[in-house]
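Geometric and topological summary
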Amino acid sequence: MDVKTKLSERAAEAEKIVVKYLPEVNGMQRTIFEAMEYSIKAGGKRLRPVLMSETFKLFGGKGEAIDCFMAAIEMIHTYSLVHDDLPSMDNDMLRRGKPTTHAVYGEGMGVLAGDALLNYAFETALKSFEVDGASYDRNIKALQILAKKAGVFGMIGGQVVDVESEKKHETMTEEKIDFIYELKTGALIEASMEIGAVLAGASADEIKLIESVASKIGMAFQIQDDILDIEGDEAVLGKPIGSDERNEKSTYVTFKGIEKSKEEVKRLTDEAIDILKKLPYENDFLMDLLQYLVYRDN
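Just so you know, these numbers come straight off a predicted model, no measurement behind them. (Residues numbered from 1 in each chain as written. Predicted model: local features only at pLDDT ≥ 70, side-chain atom pairs only at ≥ 80, totals over all residues. Heavy atoms only, no water.)

With 27 residues, helix α9 (residues 174–200) extends 37 Å between its outermost C-alpha atoms, agreeing within 8% with the 39 Å of an ideal straight helix rising 1.5 Å per residue. Residue G186 marks the point of greatest curvature in α9, where the axis turns by about 55°. Of the residues flanking the end of α9, it is G201, one or two places downstream, whose phi is positive at about 90°. (Helix = DSSP H or I, 4+ residues; strand = E, 2+ residues; numbered from the N terminus. Expected span 1.5 Å × (residues − 1). Bend = angle between axes of the 7 residues up to and from the residue.)

So, in structure tokens, the structure goes:
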């Protein structure tokens, strides 16, 4: 079975876990529950919960506390997309070929749906303390990672610099591009893999190594996105190519060109795999998955 097929199977399993934790659609505020569910079920590869689960397996993790954090990380990722699509941000009406949340429910409800998913993510992660046999210390550490990587020192911090650079027409620099990619894309990938390691009982040194692996993969993943926006197949990608150029958006490719960007994707990926190989544990699918993510065609 190839890595793409295995990923589809793991993604389907992850989606079941995420959906299981969503609130029931009823009550006076049922519209927000509908919007949350619509946003989650709009599609996606479920990469972050899958990466979390596979890293958990790498370190021999046991127990169901991981499920709470798998759901939480996908809710946070989804909220970021819902807000990215808003008129005040990227003003996108389609995502993965479907109307965006605000296109269906209105801008106000789009804002609230993102807010709800972010808040409910932490409600969900906190349920890990109710799981039989769960480690209090590990859960606390995982929550600290989740909060920091999703916040102003993580994903939101990257988004701030990205928005300011676009809206204020500030001069984009290589340093800013690296900062944006490391935080806006890399932070949640780092959170996913670090939390998987923490919940499995990995040592502090092993967690640092995993953070380094995830950081390199996150950067390579985003650079590959830039490359696909130029060379990708619209039918495969499910979205128009060339949007960065049309929107006059500076990317890694803008500064380095296509060939240098491809070389950087390979360098970062090779380094990440080399670090992973130094660990005294094995998960062949995780190795294959990391390479697939950065050499993907969609």
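Between the first and last C-alpha of helix α6 (residues 107–126) there are 29 Å, a value that for 20 residues agrees with the 28 Å anticipated at 1.5 Å per step. Those residues of α6 that fall on the buried side of the exposure criterion are G110, A113, G114, A116, L117, Y120, A121, T124 and A125. The buried side chains of α6 occupy one side of the element, clustering within an arc of 165° when seen end-on. Those residues of α6 that are buried lie in contact with α2 (30–40), α4 (65–84), α5 (101–105) and α7 (136–150). (Buried < 20%, exposed > 50% of the residue type's maximum accessible area, 1.4 Å probe, protein only. Arc of directions from axis to C-beta. Contact = heavy atoms within 4.5 Å.)

Turning to the pattern of salt bridges, a few remarks are in order. Inspection of every chain in the model, using the stated rule, returns 17 salt bridges. A salt bridge links E34 to R30, with the nearest nitrogen and oxygen atoms 3.4 Å apart. In this pair, E34 and R30 are both assigned in helix α2, four residues apart and thus about one turn of the helix distant. D85 is the salt-bridge partner of R95, the closest N and O atoms lying 2.8 Å from each other. (Salt bridge = Lys/Arg side-chain N within 4 Å of Asp/Glu carboxyl O.)

What follows concerns the side chain of E74. Here E74 lies in helix α4. The exposure class of E74 is buried, given its relative accessible area of 2%. Those residues in contact with E74 that sit more than four places away from it in its chain are V18, I40, R46 and P49.

In the Ramachandran plot, R46 falls in the positive-phi region, its phi being about 55° despite a non-glycine side chain. Its location among the elements puts R46 in the loop between α2 and α3 (47–58). Positive phi is not limited to glycine here, since R96 has a value of about 55°. Checked against the element boundaries, R96 lands in the loop between β1 (94–95) and β2 (98–99). The exposure class assigned to R96 is partly exposed, which follows from its relative accessible area of 39%.

To continue, consider a nonpolar patch on the surface. Together, L126, F129 and Y136 line one region of the surface with nonpolar side chains, adding up to about 310 Å² of accessible area. When you line up the elements, L126 lands in helix α6. (Patch = residues over 30% accessible without salt bridge, like charges linked within 9 Å, V, L, I, M, F, W, Y side chains within 5 Å. Areas by Shrake-Rupley, 256 points an atom, 1.4 Å probe, with all protein chains shown as cover.)

In contact at an axis separation of 9 Å, α2 and α6 are set at 80° when each is read in the N-to-C sense. Here α2 lies roughly perpendicular to α6, going by the angle between them. Residues T31, I32, A35, M36, S39 and I40 of α2 pack against M109, L112, A113, A116, L117 and Y120 of α6. Of the residues in the contact of α2 with α6, the class split is 10 nonpolar, two polar and no charged. (Axes fitted to C-alpha atoms, helices over the stretch in contact; angles between N-to-C directions. Parallel < 35°, antiparallel > 145°, perpendicular 65-115°, else oblique. Nonpolar A, V, L, I, M, F, W, Y, C, P; charged D, E, K, R; others polar.)

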